[in-house]
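Listed below are the residues making up each chain.
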Amino acid sequence: MTIHIGAQPDDIADVVLMPGDPYRAKWAAETFLEDAKCINQVRGMLGFTGHWNGHRVTIQGSGMGMPSLSIYANELITQFNAQTLIRIGSCGGMQPHVKMRDIVLASTASSTSTPSSTIMRDLNFAPCADFGLLHKAFHAAEALNLPNTVHVGGIYSSDTFYSERPDLDEQMQRHGILGVEMEAAELYTLAARHGRRAMGIMTVSDHLLTGEALPSDQREKSFGDMVDIALKAAFAS
Ligand code: HPA
């Protein structure tokens, strides 16, 4: 047991999928895993461990924002020895060719800061996804033949959902950033520090250029596609 995860030492699998929403963790475990067992309920941040195609998997909520994700990812890595961590979440589209419900595989995650920035001092560390995972996720996504387009590229991990920096959004767009979310940069940084594999798979749930937003009930199908891609990427040989 750690401060925020009430699991026994061997309750956590080597592979951990991390949705922001704990109820998405529950839904994904019930939908994709066999023998899923709830291994964490501390603060309602639900986690489950079960099996997918014979492979042991944990699905643990991360909460919203980098400080929250950082707590769970730190404990999963340093206390439970998780080896592969894949964020499955949503993002706001930032380019005209990135449409609602499209899937973004985040090769890099820019930020103004992460909880890890204090140790970087004057260095602009470049958080990036594990290439092996990214490669496998791309092939898994292509094989699904989704009606939605799959994009690979840089995203921006923001500290705010309600941004007061239109100038910054504009610079991100100018520099080809595909979408904005709030967690990946810290996940990539922690994975780099501890020599683990990490990547982020995001569905476009709202759009900064058009103002569109998906109602929460319509996110379910694309969320299922992300879980499928994440599991295939984690276990493809
Ligand atoms: N901004 C920040 N985080 C997000 C967004 C957004 O528009 N959409 C989903 N996560």
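Residues numbered from 1 in each chain as written. Predicted model: local features only at pLDDT ≥ 70, side-chain atom pairs only at ≥ 80, totals over all residues. Heavy atoms only, no water.

Regarding the nonpolar core
Grouped together as the largest cluster of nonpolar side chains are 67 residues, with contacts concentrated most on Leu17, Tyr188, Met199 and Ile201. With eight residues, the single largest contributor to this core is helix α7 (residues 220-235). Aside from chain neighbours lying at most four places away, what touches Ile201 is Ile86, Arg87, Ile88, Gly89, Ile103, Val104, Leu105, Met226, Ile229 and Ala230. If you look at the next biggest cluster of nonpolar residues, it comprises six residues, including Tyr156, Leu168, Met172 and Ile177. (Core = buried A, V, L, I, M, F, W, Y, C linked by side-chain atoms within 4.5 Å. Buried < 20%, exposed > 50% of the residue type's maximum accessible area, 1.4 Å probe, protein only. Helix = DSSP H or I, 4+ residues; strand = E, 2+ residues; numbered from the N terminus. Contact = heavy atoms within 4.5 Å.)

Concerning the site of the ligand
In the region of the ligand, the neighbouring residues are Ser90, Cys91, Gly92, Phe161, Val180, Glu181, Met182, Ser205, Asp206 and Leu208. At a separation of 3.2 Å, a nitrogen atom of the ligand approaches a polar backbone atom of Gly92. One nitrogen or oxygen atom from the side chain of Asp206 is found 2.7 Å from a nitrogen atom belonging to the ligand. Against a free-state accessible area of 260 Å², the protein chains account for coverage of 91% of the ligand. In a pocket analysis with a 2 Å cut-off to the grid points, the ligand is assigned to the largest pocket. Taken together, the residues of the shell around the ligand sort by class into five nonpolar, three polar and two charged. (Near = heavy atom within 4 Å. Polar contact = N/O pair within 3.5 Å; in protein donor to acceptor, adjacent residues only side chain to side chain. Areas by Shrake-Rupley, 256 points an atom, 1.4 Å probe, with all protein chains shown as cover. 1 Å grid on protein atoms, 1.4 Å probe; cavity = no way out; pocket = protein on both sides within 12 Å on 5 of 7 lines; lining within 4 Å. Sits in = over half its atoms within 2 Å of the grid points. Nonpolar A, V, L, I, M, F, W, Y, C, P; charged D, E, K, R; others polar.)

Function-wise, these values are silent; they only describe arrangement.
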